[in-house]
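For reference, the chains in residue letters:
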Amino acid sequence: MNKQGVWMGRAVVLGLLLMSALWINQGCTAKAPAAPVFAIPPPVGLANNIIDNFEDGNTSMSVDLKGAASLPQTVISYVPSDPQDPNSPLVAQGVVNPPVPLGSWVGSSWAGNAVNTPYIFTGASTSPAPSNLILSSGALGTKGYCRLFGPIHDAADGTYPAFQLEGKFKGTAPYDASSFTGIQFYLNIPTADTCPTRRFSIATIWTLPAAEGGNGYCTSCYDHYGANFAAGSTGGWVLRSYTFTTLSRGGFLVPAGIPNNMPLTMRTDFVKLVFQFGRNGTSGNSVVDYAVDEFSFF
Ligand SMILES: [Ca+2]
Ligand SMILES: [Ca+2]
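Colleague: Sorry if this is basic, but what is going on with the overall build of the protein chain here?
Modeller: Helices and strands together make up the secondary structure of the protein chain, namely 2 helices and 13 strands. In the protein chain, which comprises 298 residues, the share counted as buried stands at 31%. Counting contacts in the protein chain only where the partners sit at least 6 residues apart, residues at least 24 apart contribute 71% of the total.

Structural data, given as structure tokens:
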């Protein structure tokens, strides 16, 4: 430090000592100094590999998911959500081009290609309202998660009823997941679930009919790349993690010409995440009960 710097440093120290002395001399009766004003940083969004964590309680996927922000965004300012409480969570004010989620979650009691049969969820409707799909107290002590549950009857009539949860990336264009090599989520299957068939899969343009975002390849479709869950309870929340290339088809796609395990080139072709719990066409009754949470790519 040069001589000028030393003197400047001493001046600062002296100033601080004087200010302290003044404050002490004012004693306990003095008014506390005004709260310091800081530049308020914007709220931190989710990492761009997180698909959804259900913490916002809605059925939209995270707006921070890679590829979701298609236009540059400008935030005019951030203000406390509670005007009376400066420590309340900040909310953006005056957002130009607000972020748009890439997809959303839909739960249904799907019955193959037939009209939905009345194999209902707990409650009055055949499709849960969003407020019934996202519940409180999720995996890892988080706030929200997604659960589907209710009785199911399979009449072995070729309709393949199932309790299906779909995370749809987009209505028309596929999602490009080529920045990632796999997907993970937390799964909770209680003892109440008695389904013999439980599967997670990623529906791509190759395995969906054209009407659902497919590329016209398959004439007999829905043989998505996925993995089955073992019978029985998971005993609470468990992590399920899959590199894309370990996800495999059941083998019934027509034509059969694409690989049995997902090739890396199909990472650009994702349309939906699909959970299906049911009896896979076997006559009888079961109870469906499964919960998922904290979805991310890696
Ligand atoms: Ca959400
Ligand atoms: Ca959660």
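Colleague: It is not clear to me how the nonpolar core should be interpreted in this structure. Could you clarify?
Modeller: The nonpolar side chains of a soluble globular protein tend to be buried, and buried together. Counting residues in hydrophobic clusters, the biggest one holds 50 residues, and the most contacted among them are Cys146, Phe275, Phe277, Val288, Tyr290 and Val292. Of all the elements in the fold, those that place two or more residues in this core are strand E6 (144–154), strand E7 (161–168), strand E8 (182–188), strand E9 (197–204), strand E12 (270–278) and strand E13 (284–297). Setting aside residues up to four positions removed in sequence, phenylalanine 275 forms contacts with Gln164, Leu165, Phe200, Tyr290 and Val292.

Colleague: Even after reading the chapter, I still don't get unusual backbone geometry, so can you show me in this structure?
Modeller: As a rule of thumb, non-glycine residues mostly have phi less than zero, and peptide bonds are mostly trans rather than cis. Omega for the bond connecting valine 254 with proline 255 falls within 30 degrees of zero, at -5°, which places this linkage in the cis form. Mapping proline 255 onto the fold places it in the loop between strand E11 (238–243) and E12. For asparagine 280, which is not a glycine, the phi torsion comes out positive at approximately 55°. Relative to the elements of secondary structure, asparagine 280 occurs in the loop between E12 and E13.

Colleague: I tried to follow the environment of alanine 192 on my own but got confused; where do I start?
Modeller: Within the secondary structure layout, alanine 192 lies in the loop between E8 and E9. Judged by local crowding, alanine 192 falls into the exposed class, with 11 C-beta atoms found within 10 Å. When the C-alpha atoms of alanine 192 and valine 287 are compared, they prove to be 6.7 Å apart, with 95 residues separating the residues in sequence. Setting aside residues up to four positions removed in sequence, alanine 192 forms contacts with Val287 and Asp289.

Colleague: Explain the environment of glycine 251 to me, please; I cannot follow it from the model alone.
Modeller: Its place among the elements puts glycine 251 in the loop between E11 and E12. When the 8 C-beta atoms within 10 Å are taken as the criterion, glycine 251 is described as exposed. Counting along the chain gives 27 residues from glycine 251 to histidine 224, while the straight-line C-alpha distance between them is 9.2 Å. Leave out the neighbours within four places in its chain, and glycine 251 touches Asp223 and Asn260.

Colleague: Which parts of the structure should I look at to understand the confidence of the model for the protein chain?
Modeller: Reading fine detail from the predicted coordinates is not recommended where pLDDT is low. On average, the protein chain scores 79 in pLDDT, and the residues at 70 or more come to 75%. Scored below 50 in pLDDT, residues 1–29 makes 1 contact in the model with residues more than four places away or belonging to other chains. Residue range residues 111–131 is modelled with pLDDT below 50. Its contacts to residues more than four positions away, or to other chains, number 39 contacts.

Colleague: What exactly am I supposed to notice about the pairing of E9 here?
Modeller: On a regular strand, one side chain projects to one face of the sheet and the next to the other, so that they alternate. Buried residues dominate E9, accounting for 6 of its 8 residues. Note: E9 against E12, 8 bridges, orientation antiparallel. What sits directly across from phenylalanine 200, in E12, is phenylalanine 275. Where E9 meets strand E10 (residues 225–228), 4 bridges bridge the pair, whose relative direction is antiparallel. Following the sheet pairing, isoleucine 202 is matched in E10 by tyrosine 225.

Colleague: Hey, could you run me through the pairing of E6 in this one?
Modeller: Here strand E5 (residues 134–136) runs beside E6; their pairing, made up of 3 bridges, is antiparallel. What sits directly across from leucine 135, in E6, is tyrosine 145.

Reading the values: rules and limits
- Residues numbered from 1 in each chain as written.
- Chains lettered and ligands numbered in written order.
- Predicted model: local features only at pLDDT ≥ 70, side-chain atom pairs only at ≥ 80, totals over all residues.
- Helix = DSSP H or I, 4+ residues; strand = E, 2+ residues; numbered from the N terminus.
- Buried ≥ 20, exposed ≤ 12 C-beta atoms within 10 Å, placed from the backbone.
- Contact = placed C-beta atoms within 7 Å.
- Core = buried A, V, L, I, M, F, W, Y, C linked by C-beta atoms within 7 Å.
- pLDDT = per-residue confidence, 0-100.
- Pairing = 2+ DSSP bridges.

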